[in-house]
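Structural overview
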Amino acid sequence: MNSKPPCTRDDALIVIKRLREAGHTAYFAGGCVRDALLGLEAKDWDVATDAPPPRVRELFPAAQAVGAAFGVILVRIGRSTVEVATFRADGAYEDGRRPSSVRFTSAEEDAQRRDFTINGLFLDPIEDRIIDFVGGRQDLSARIIRAIGSPAERFGEDHLRMIRAVRFAARFGFEIEPATTDAIRSLATRIKGISPERIGDELRLMLTPPTRTVAWTLLWDLHLSREIFRFLPKVPERLDFNRSVFLNLNKADPISMGLSLAAAVLCIRLQTESIDVQAFLTKPEISRCVRAMRQALRISNDESEEMAQTLANLQPLLQSDPPTVAQKKRFLAQPTSGGSRHLMQALVTIDLHRDRIAALQRKLAELSEKGNVAPAPLLDGDDLIAAGFPPGPRFRQILEAVYDAQLEERISTKDHAIQLAKSL
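Residues numbered from 1 in each chain as written. Predicted model: local features only at pLDDT ≥ 70, side-chain atom pairs only at ≥ 80, totals over all residues. Heavy atoms only, no water.

1. With respect to the overall build of the chain
The secondary structure content of the chain amounts to 22 helices and 11 strands. In summary, the chain has a C-alpha radius of gyration of 28 Å against a globular reference of 22 Å for 424 residues, an excess of more than 25%. The dimensions of the chain, computed from C-alpha atoms along their principal axes, are 90 × 50 × 35 Å. Looking at the chain as a whole, 50% of its 424 residues qualify as buried. Long-range contacts, defined as pairs at least 24 residues apart, comprise 66% of the intrachain contacts of the chain with a sequence gap of at least 6. In the chain, 58 side chains carry a positive charge and 56 a negative one; their mean positions are 2 Å apart. (Helix = DSSP H or I, 4+ residues; strand = E, 2+ residues; numbered from the N terminus. Rg over C-alpha atoms; globule rule 2.2 N^0.38 Å. Buried < 20%, exposed > 50% of the residue type's maximum accessible area, 1.4 Å probe, protein only. Contact = heavy atoms within 4.5 Å. Lys, Arg positive; Asp, Glu negative; His and termini not counted. Charge placed at Lys NZ, Arg CZ, Asp CG, Glu CD.)

Okay, here's the thing in structure tokens:
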């Protein structure tokens, strides 16, 4: 995700004081004000001012003009990089993401062009007062996400705001008010105009924390998920949200997860509405789902590989024949086995393979407690050559079979391993 270096409140306050001393209006703005009023620690302290960009650069010669056309200057103070934005009004949005032009204006008009009322607040740290032109304080108290002005206009300007509404609602446990909800549903198809990278950035923030079940339910209810995940082979028309705890994995103690695991959960959750788990857990089906997630979210190569392995790990465990001890130990030795075990538990929450998975989880726990699920092999290729075996394609099969016997404690010495190899 695109991000600037963090900044502290104290460093941002230095910027505000210097602007004020030079005769300008300057406030804290946006998310930092919202978080402060909610009693949360703000990640960044952004500054809004009536000083135009050239004036900001005059007052801070080392500033970096990263978005001067939009009135945004980065000011380096201490160890912080403070984003300083000139109060502005936006021109027409022609690409569903950014305005084609801006004009510099007052704080009140600047507030009107922002996305949601809770993000349209200013804080004057010198006089210690909140400046609220949009009813943001009231909506914070009422725990409401409300678009500023006309919701259809706000989402028509910047389609990504529809997903941001879901992220804020899930993060803070707020309700999205009806007019804003209706506008999202009616404009949901426009989300296809937003780049997968930007959508992926937002979903990374909302589907990895413990509040992901709320976010997923809202994405589906507001018709956004079917647009975002339209590349999946099969997306059901309906979804049973009595089973939506699937994304929570552990209701008693919700956990955070990486995007690769969240994507694997979503794939298996959506696809098993149409086909059974064993039919889904095949190499072609998994590959199709991974490709679809790469298209939808632009997940990285590493995340794609982790997602594929997390799903593929389940195949030998949930096939018709019960897994052997060797298969279970090989599973536990995989770096992605933790995610795969969460997936199994997720299947239990939607009543799939409940008894089998419960028994399997007990066995896996027992093997984990014993430790050393991946001992060094008793034999390698050099040992086979030394024992007179001609190199060839059978080498790998023999070594795998011998290692399985070692994992199952049917052999324990190199001599036993050589004897078994010869018998094979």
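2. Details of the sheet that holds strand β4 (residues 72-77)
If you walk across this open sheet you meet the 7 strands as β3-β4-β5-β2-β1-β8-β9, and the pairing is mixed. Whereas interior strands pair on both sides, the edge strands pair on one side only; in this sheet they are β3 (64-67) and β9 (129-132). On average, adjacent strands in this sheet sit at an angle of 35° to one another, irrespective of strand direction. Across 6 bridges, the pairing between β4 and strand β5 (residues 80-86) is antiparallel. Of the residues in β5, the one forming a bridge with I77 is S80. Along the sheet, helix α1 (residues 9-21) contacts β1 (26-29), β2 (47-49), β4, β5 and β8 (121-124); its crossing angle with β1, the most-contacted strand, is approximately 150°. (Pairing = 2+ DSSP bridges. Axes fitted to C-alpha atoms, helices over the stretch in contact; angles between N-to-C directions.)

3. Here we look at the nonpolar core
Counting residues in hydrophobic clusters, the biggest one holds 100 residues, and the most contacted among them are F28, L224, I228 and F229. With 10 residues, helix α12 (residues 259-271) is the largest single contributor of residues to this core. Each residue touching L224, except ones within four places of it in the same chain, is listed here: M162, I163, V166, I184, A188, I191 and L219. Grouped together as the second largest cluster of nonpolar side chains are 12 residues, L379, F389, I411 and A417 included. (Core = buried A, V, L, I, M, F, W, Y, C linked by side-chain atoms within 4.5 Å.)

4. Considering the pairing of β8
Every second residue of β8 is oriented toward a common face, with L121 and L123 on one face and F122 and D124 on the other, all of them buried. Two strands pair when backbone bridges link them, and β1 and β8 are joined in this way by 2 bridges, in the antiparallel orientation. When the sheet's bridge partners are listed, A29 is paired in β8 with F122. Two elements, β8 and β9, share 4 bridges in a ladder whose sense is antiparallel.

5. Some points on the packing of aromatic side chains
Counted according to the given criterion, the structure contains 11 aromatic pairs. Between Y27 and F122 the ring centres are 5.9 Å apart and the planes differ by 45°, which places this aromatic pair in the tilted class. In this pair, Y27 sits in strand β1 while F122 sits in strand β8, placing the two residues 95 residues apart along the sequence. Given a relative accessible area of 10%, Y27 falls into the buried group. For F122, a relative accessible area of 0% gives the class buried. The interplanar angle of 75° and the centroid separation of 5.8 Å between the aromatic rings of F87 and F122 together place this pair among those described as edge-to-face. You can see F87 sitting in the loop between β5 and β6 (88-90) and its partner F122 sitting in strand β8, a full 35 residues away along the chain. Like F87, the residue F122 is buried in the burial classification. Grouping aromatic residues by their ring pairs yields a cluster made of F116, F155, F168, F172 and F174. In this arrangement the basic side chain of R167 is found over the ring face of F168, its NZ or CZ atom lying 5.0 Å from the centre. (Phe/Tyr/Trp six-rings, centres within 6.5 Å; stacked < 30°, edge-to-face > 60°. Lys NZ or Arg CZ within 6 Å of the ring centre and 35° of its normal.)

6. Details of the state of the cysteines
Inspection of the entire model under this criterion finds 0 disulfides. Of all cysteine sulfurs in the structure, the one in C7 sits closest to C32, which takes part in no disulfide; the separation is 7.8 Å. For C32, a relative accessible area of 3% puts it in the buried group. There is no disulfide at C267, and the cysteine sulfur nearest it, in C289, is 3.8 Å away. What makes C267 buried here is its relative accessible area of 0%. (Disulfide = S-S within 2.5 Å.)

7. As for helix α10 (residues 212-221)
Within α10, 7 of the 10 residues are buried, which leaves the element mostly enclosed by the surrounding structure. All buried positions along α10 are accounted for by R212, T213, A215, W216, L218, L219 and W220. Elements that come into contact with the buried residues of α10 comprise α7 (161-172), β11 (175-176), α9 (196-206), α11 (225-228) and α12.

8. Overview of the pattern of salt bridges
Evaluation of the coordinates by the stated rule reveals 28 salt bridges. The residue R288 makes a salt bridge to E285 at a minimum N-O spacing of 2.7 Å. Here R288 and its partner E285 are both found in helix α14 (residues 283-297), 3 residues apart, which amounts to about one turn of the helix. The partly exposed category is assigned to R288, whose relative accessible area is 34%. Residues joined in a network through salt bridges with shared partners are R20, D124, E127 and R129. (Salt bridge = Lys/Arg side-chain N within 4 Å of Asp/Glu carboxyl O.)

9. Thoughts on the environment of L40
Along the chain, L40 falls in the loop between α2 (31-37) and β2. Distance in space between the C-alpha atoms of L40 and A68 is 30 Å, their sequence separation being 28 residues.

10. A short note on the side chain of K328
Here K328 shows up in helix α17 (residues 325-333). Despite its burial, K328 pairs with no opposite charge, the nearest such side chain being E366 at 7.6 Å. Excluding its chain neighbours within four sequence positions, the residues that come into contact with K328 are L317, P323, L360, K363, L364 and L367.

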